[in-house]
Amino acid sequence: MNQSTKDPYLLLVDRDEVTLEMEKIALALVYDGSIKTVPSIDQAISVIQDNGEPLLIVTEHRILTTNASVLNKIILEKKFKTTMVICSNDKIESFKQEYDVSCKFLDKNNLIKPLMQIMRETIKDDQTVITQPYCAISISTLIRLGFINYDIYLKLSENKFVKLTHNDTVFEPEIARKL
């Protein structure tokens, strides 16, 4: 299938569901397109085979025994213009030479703000720029986050919302049970 006929998407690869959810929420605040998440490099390869060139890949350096440099080789072989971001808790200098010089590297402990900035720099098409003043977030993620610096709304229909909590509110399990 022709790569140009595919819809743009972001690909997030991490074995940790919490990290994937945090990355997805952060990117949804600056990107209005499809965001695909997978827990392994092998599944990421399948997504690329099925969907073509991703706009951005954010992946752990190593997931179990597979190194993300495999994804970097695919990007180079297919001559994709994909921005690739490698995240790790390890010292980046210890594995940086395994990747193309165009890859970006982030410390997993300080990931969200730099990732959002990379995404802003990556967006070149007005159709992918965020057009919604909100993003979807699961209740389980809200519980994990606890303290929220945003108003939270429940979407009832396409144009109707109910405000659940105010800015600077603690999202407690009791609220989740009510929902």
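Read on for an overview of the structure. Since we're looking at a predicted model, the values are computed, not measured.

## Topic: helix α3 (residues 69-77)
Thought 1: Looking only at α3, the buried set comprises Ser69, Leu71, Asn72, Ile74 and Ile75.
Thought 2: Along its buried surface, α3 packs onto α2 (41-51), β3 (56-60), β5 (66-67) and β6 (83-88).
Thought 3: After α3 finishes, the residue Lys79 shows a positive phi value of roughly 60°.

## Regarding the pairing of β6
Thought 1: Most of β6 is tucked away, with six of its six residues classed as buried.
Thought 2: Side chains Thr83, Val85 and Cys87 project from β6 onto one buried face, and the interleaved Met84, Ile86 and Ser88 project onto a second face that is buried too.
Thought 3: In this sheet, β6 lies alongside β3 in parallel orientation, the contact comprising five bridges. If you follow Leu56 over to β6, its bridge partner there is Thr83.
Thought 4: In terms of strand pairing, β6 meets strand β7 (residues 104-107) through four bridges, oriented parallel. Paired with Cys87 across the bridge in β7 is Leu106.

## Points about the sheet that holds β7
Thought 1: Ordered by their spatial adjacency, five strands build an open sheet running β2-β1-β3-β6-β7, and the pairing between neighbours is parallel. The outermost strands of the open sheet, each flanked by one partner alone, are β2 (34-38) and β7. When strand polarity is set aside, the average angle formed by the axes of neighbouring strands in this sheet is 20°.
Thought 2: The pairing of strand β1 (residues 9-13) with β3 spans four bridges and is classified as parallel. The residue of β3 that forms the bridge with Val13 is Thr59.
Thought 3: Contacts from α2 reach β1, β2 and β3, with the element oriented near 165° to β1.

## Details of the environment of Arg15
Thought 1: Topologically, Arg15 is positioned in the loop between β1 and α1 (17-28).
Thought 2: With a relative accessible area of 46%, Arg15 lands in the partly exposed category.
Thought 3: Considered as a pair, Arg15 and Ser40 are 25 residues apart in the sequence and their alpha carbons are 6.3 Å apart.

## Overview of the side chain of Asp14
Thought 1: By the element assignment, Asp14 lies in the loop between β1 and α1.
Thought 2: Within polar-contact distance, the side chain of Asp14 engages the backbone nitrogen of Asp16 at 2.8 Å.
Thought 3: A distance of 2.9 Å separates the side chain of Asp14 from the side chain of Lys108, its partner in a polar contact.
Thought 4: Apart from the residues lying within four places of it in its own chain, the contact partners of Asp14 are Thr19, Leu20, Glu23, Val38, Pro39, Glu60, Ile63 and Lys108.

## Describing the pattern of salt bridges
A pair can form between side chains of opposite charge whenever their charged atoms are brought close.
Thought 1: Applying the stated criterion to the full structure yields three salt bridges.
Thought 2: For Lys108, the salt bridge identified is with Asp14, shortest N-O distance 2.9 Å. On the criterion of sequence distance, the pair formed by Lys108 in the loop between β7 and α4 (112-122) and Asp14 in the loop between β1 and α1 is long-range, its members being 94 residues apart.
Thought 3: On the basis of relative accessibility, which here comes to 17%, the residue Lys108 falls in the buried class.

## Thoughts on the packing of aromatic side chains
The geometry of an aromatic ring pair comes down to the distance between the two centres and the angle between the two planes.
Thought 1: Within the structure shown, the criterion is met by three aromatic pairs.
Thought 2: Counting every residue linked through ring pairs, the aromatic cluster contains Phe95, Tyr99 and Phe105.
Thought 3: Positioned above the aromatic ring of Tyr9, the side-chain terminus of Lys36 is 5.6 Å from the ring centre.

Parameters at a glance
Residues numbered from 1 in each chain as written. Predicted model: local features only at pLDDT ≥ 70, side-chain atom pairs only at ≥ 80, totals over all residues. Heavy atoms only, no water. Buried < 20%, exposed > 50% of the residue type's maximum accessible area, 1.4 Å probe, protein only. Helix = DSSP H or I, 4+ residues; strand = E, 2+ residues; numbered from the N terminus. Contact = heavy atoms within 4.5 Å. Pairing = 2+ DSSP bridges. Axes fitted to C-alpha atoms, helices over the stretch in contact; angles between N-to-C directions. Polar contact = N/O pair within 3.5 Å; in protein donor to acceptor, adjacent residues only side chain to side chain. Salt bridge = Lys/Arg side-chain N within 4 Å of Asp/Glu carboxyl O. Phe/Tyr/Trp six-rings, centres within 6.5 Å; stacked < 30°, edge-to-face > 60°. Lys NZ or Arg CZ within 6 Å of the ring centre and 35° of its normal.

Without other data, these values stay purely geometric and don't point to any function.
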